[in-house]
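Listed below, chain by chain, are the residues.
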Amino acid sequence: MYNGERFVSQTIESVLNQSYTNWEMIVIDDGSKDKGPDIVNQYALNNDKIKLFSQPNGGSAAARNNGIRRAKGQYIALLDADDTWNPDFLQKQLKLMKDKNALLVYSSHTRIDEHNNECLRPFIVPEKISYHDLLKTCYISCLTGVYDTSQFGKVYLKEDMKSLRDDYVYWLEIMKKVKVAYGNKEIIANYRILSSSLSRNKRKVIIPHFKVLYQVEKLGLIRSLFYLANWAIIGFLKYRR
């Protein structure tokens, strides 16, 4: 959470309303300057499954790592302070894991604006992807991925990437371990798109994305440009109204 006072209550309520109840919520305040921490603290005082930790502003990768380090459960799910889950999100994702004997799952989701109205068509995911599929585009939206740590342990984000493509590299790292991930085509989460959303501004992200392919994944120039072109084309189609 960074300056999340506007939507964080909706996010927390969406977890409180889960039909699957064996969860812990670790909220990392990344140096907020608004009343977001006060709002979360009120929830934490009333529910011992919710814990708030504050840190100096270090970007989303550092905040997510702080939460992952503190997590006690077998499953890790990331949720930003303006996104929400449908009440059956955790139940259906854990069922999919069991049905597919999977270590990583993800799902389709709506795309909503600041007023909770759908601003783009829902993002419908493929039923199964490999590492090479993920190189073409990030089918795993951060709010829908659930990772089972039982076989390979916890995976952490690269903090030197700050808040640009850090979650994408995280999913790539997990995919190299688990080999395959399964998608739930049901729409069970809601991704909020604001005017300031970095992931929507492809011009700001294109160089960091190329660096992921070329420097982090070490694909070489030709393959990096090939996957960058795939990402650009799929991204254009993804954000059409």
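Residues numbered from 1 in each chain as written. Predicted model: local features only at pLDDT ≥ 70, side-chain atom pairs only at ≥ 80, totals over all residues. Heavy atoms only, no water.

1. A closer look at the pairing of strand 9 (residues 180-192)
Point 1. Relative to strand 9, strand 4 (residues 84-85) runs antiparallel, the two being bridged by two bridges. For Trp85, the partnering residue across the bridge sits in strand 9 and is Ala189.
Point 2. The pairing of strand 5 (residues 104-112) with strand 9 spans seven bridges and is parallel. If you follow Ile112 over to strand 9, its bridge partner there is Arg192.
Point 3. The sheet contact formed by strand 7 (residues 128-130) and strand 9 spans three bridges and is antiparallel. Counterpart to Ile129 in the pairing with strand 9 is Ala181. (Pairing = 2+ DSSP bridges. Helix = DSSP H or I, 4+ residues; strand = E, 2+ residues; numbered from the N terminus.)

2. Digging into the pairing of strand 6 (residues 118-123)
Point 1. Two strands pair when backbone bridges link them, and strand 5 and strand 6 are joined in this way by three bridges, in the antiparallel orientation. Residue pairing in the sheet places Arg111 in a bridge with Leu120 of strand 6.
Point 2. Here strand 5 hands over to strand 6 after five residues, with Asn116 in that stretch at a positive phi of 70°.

3. As for the pattern of salt bridges
Point 1. For the structure on display, the rule yields eight salt bridges.
Point 2. When the shortest N-O distance is used, the salt bridge between Glu186 and Lys92 registers 2.6 Å. Within this pair, whereas Glu186 is found in strand 9, its partner Lys92 is found in helix 4 (residues 89-100), the two being separated by 94 residues in sequence.
Point 3. A relative accessible area of 40% places Glu186 in the partly exposed class.
Point 4. One salt bridge connects Lys95 with Asp99, and the closest N-O pair in it is separated by 2.7 Å. In this pair, Lys95 and Asp99 are both assigned in helix 4, four residues apart and thus about one turn of the helix distant.
Point 5. The class for Lys95 is exposed, based on a relative accessible area of 52%.
Point 6. Under the relative-accessibility criterion, Asp99 is labelled partly exposed at 49%.
Point 7. Each of the salt bridges in this network shares a partner with another, and the network as a whole consists of Arg64, Asp80 and Asp166. (Salt bridge = Lys/Arg side-chain N within 4 Å of Asp/Glu carboxyl O. Buried < 20%, exposed > 50% of the residue type's maximum accessible area, 1.4 Å probe, protein only.)

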